[in-house]
Amino acid sequence: MIEYWPVHEEILPSHIYSLNALGVKPDVFLNSDSITIKGDLFSLYNQLELNLIAYPFKGIAKWKALANRINEEKYDLVIVNSFQTGGSDWALSLEAHKLCLVHSVLEFYNNRKTFESAVERDDVSLMCLGAASTTTLQNIISHACKRRKEIHSIYAAIFPDNQTSLDRRVCPTTCKGTRIAIVGGINYKNRNFSHLFQLAASHRDVVFDVVSGGQDFGKLQAEVRENALTGQFRFLSNDGSRTSYKDMFAAVQGSDYLITGFKSPCRYHEFSISSVINYAIGFRKPLVQDPITKMLYEIPGPIVHRGLEEILDLKEEDYSQALVARLEQAKSSSVQAYQRVLAKC
């Protein structure tokens, strides 16, 4: 299992969980910068079986050395995370059967040479995160390549099993109302934060914990100040830089709800998945969402039709049993997906 960029590594434990369930203990080559920037993700997991190798993906020599090492080990399967970005051609050069995890269907397709090679080759399997992007990629392949290729689908539910290690002081509860965590990249192209301001203004007992950074993090901070809502928006990071997984997990665990804030339509309805989906499923948190997101991802939680002002009582319904069932469904389907993948090796 390879994560050559220090991003998206939070989905790896769910994949490892599925492999462990099938009797496989993977070697995980993780970009060493990930541990430096965001801490040891795997310290939040007690029950996963893996061999973790922190690897410095810096310089052509390091990449060549790792390719030689992987080929000499004669692995049956190499799982490549974040396949659509730079490094994909290097991954395709490896000798073992490759399972390529596509996070952004559009970015993958726009890299046309790599896309066509991955689709045509029998030693390459493709996997998407969630049913929406899986269906989109299947449709693109059938039209662009005039062939059929199975696209495996998995919900990378983020469910740490070492919850006692989470620091409860992160984003402490200082309000008597509802805590809602904003998870996923802060960008105005795909998310509508003005609706959050409306909800905060009409529900003064609601507090938002912003646990992620992103390209528009500074803009969100400025608009929070302009709307005089600093008491209701708490930022885990002061400058939008990446925070540790331990702190992120603790903030999510302490929330009552997660919220998408997606525009409709947006890329998360067709081409990719937002980490808020994985966190909601894994942490068993109800998701405040639009009808399209509800239909696509089937996560229990309040549905917003025209604006967040429709939510009158966020604690009206108990979602706990449905959330437990949704997580178990995600785990089961992921194990089944890996059964199909391993059968090809």
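We now turn to the structure provided with this report.

Procedures and definitions
- Residues numbered from 1 in each chain as written.
- Predicted model: local features only at pLDDT ≥ 70, side-chain atom pairs only at ≥ 80, totals over all residues.
- Heavy atoms only, no water.
- Buried < 20%, exposed > 50% of the residue type's maximum accessible area, 1.4 Å probe, protein only.
- Helix = DSSP H or I, 4+ residues; strand = E, 2+ residues; numbered from the N terminus.
- Pairing = 2+ DSSP bridges.
- Right-handed = clockwise from strand over helix to strand, strands pointing away.
- Arc of directions from axis to C-beta.
- Contact = heavy atoms within 4.5 Å.
- Axes fitted to C-alpha atoms, helices over the stretch in contact; angles between N-to-C directions.
- Parallel < 35°, antiparallel > 145°, perpendicular 65-115°, else oblique.
- Left-handed = near helix turned anticlockwise from the far one by under 90°.
- Nonpolar A, V, L, I, M, F, W, Y, C, P; charged D, E, K, R; others polar.
- Polar contact = N/O pair within 3.5 Å; in protein donor to acceptor, adjacent residues only side chain to side chain.
- 1 Å grid on protein atoms, 1.4 Å probe; cavity = no way out; pocket = protein on both sides within 12 Å on 5 of 7 lines; lining within 4 Å.
- Points joined across faces, edges and corners; volume = space filled by probe spheres on them.

## What about the pairing of strand E8 (residues 178-182)?
Then comes step 1: Among the 5 residues that make up E8, 5 are buried, leaving the element largely enclosed by the rest of the structure.
Then comes step 2: Burial along E8 is two-sided: the face carrying Thr-178, Ile-180 and Ile-182 and the face carrying Arg-179 and Ala-181 are both buried.
Then comes step 3: Judged from the 5 bridges that link them, E8 and strand E9 (residues 206-210) form a sheet pairing that is parallel. Paired with Ile-180 across the strands is Phe-208, a residue of E9.
Then comes step 4: Regarding the hand of the β-α-β motif, the stretch spanning E8, helix H8 (residues 194-202) and E9 is right-handed.
Then comes step 5: Looking at chain direction, E8 and strand E11 (residues 257-259) are connected through 3 bridges and run parallel.

## Regarding helix H6 (residues 112-120)
Then comes step 1: Within the span of H6, buried status applies to Thr-114, Phe-115, Ala-118 and Val-119. Relative to the axis of H6, the buried residues are bounded by an arc of 125° and lie together on one face.
Then comes step 2: Looking at the buried side of H6, the elements it contacts are helix H4 (88-92), helix H5 (105-110), strand E6 (124-129) and helix H7 (131-144).

## Digging into the packing of helix H1 (residues 12-21) against helix H13 (residues 320-343)
Then comes step 1: Contact geometry for H1 and H13: axes closest at 9 Å, N-to-C directions at 65°. As judged from the angle between their axes, H1 and H13 are roughly perpendicular. Considering only the axes of H1 and H13, their crossing is right-handed. The residues of H13 that touch H1, namely those facing His-15, Tyr-17, Ser-18, Leu-19 and Ala-21, are Lys-331, Ser-334, Val-335, Tyr-338 and Leu-342.
Then comes step 2: Here the contact of H1 with H13 is built from residues that sort into 6 nonpolar, 3 polar and 1 charged.

## A closer look at the environment of Asp-27
Then comes step 1: Inspection of the secondary structure assignment puts Asp-27 in strand E2 (residues 27-31).
Then comes step 2: Each residue touching Asp-27, except ones within four places of it in the same chain, is listed here: Met-1, Asn-51, Ile-53 and Tyr-75.
Then comes step 3: Separated by 2.8 Å, the side chains of Asp-27 and Asn-51 make a polar contact.
Then comes step 4: In this structure the side chain of Asp-27 is engaged in a polar contact, spanning 2.6 Å, whose partner is the side chain of Tyr-75.

## Things to note about empty space enclosed by the protein
Then comes step 1: Scanning the model with the defined rule gives 1 cavity of 30 Å³ or more in all.
Then comes step 2: Taken as a whole, the largest cavity holds about 30 Å³ of empty space.
Then comes step 3: Along its surface, the largest cavity is lined by Ser-14, Tyr-17, Ser-18, Tyr-155, Ala-157, Phe-159, Ala-330, Lys-331 and Ser-334.
Then comes step 4: Those elements that place two or more of their residues in the lining of the largest cavity are H1 and H13.
Then comes step 5: The residue inventory of the lining of the largest cavity, partitioned by class, reads 5 nonpolar, 3 polar and 1 charged.

## Considerations on the sheet that holds strand E12 (residues 287-288)
Then comes step 1: Pairing within the open sheet is parallel, and its 5 strands lie in the order E10-E9-E8-E11-E12. The open sheet terminates on both sides in strands that have one partner only, identified here as strand E10 (233-235) and E12.
Then comes step 2: Inspection of the sheet shows E11 paired to E12 by 2 bridges, in the parallel sense. Bridge pairing in E12 places Leu-258 opposite Leu-287.
Then comes step 3: In the packing of helix H11 (residues 275-282) onto the sheet, contacts are made with E11 and E12, and the angle to E11 comes to roughly 165°.

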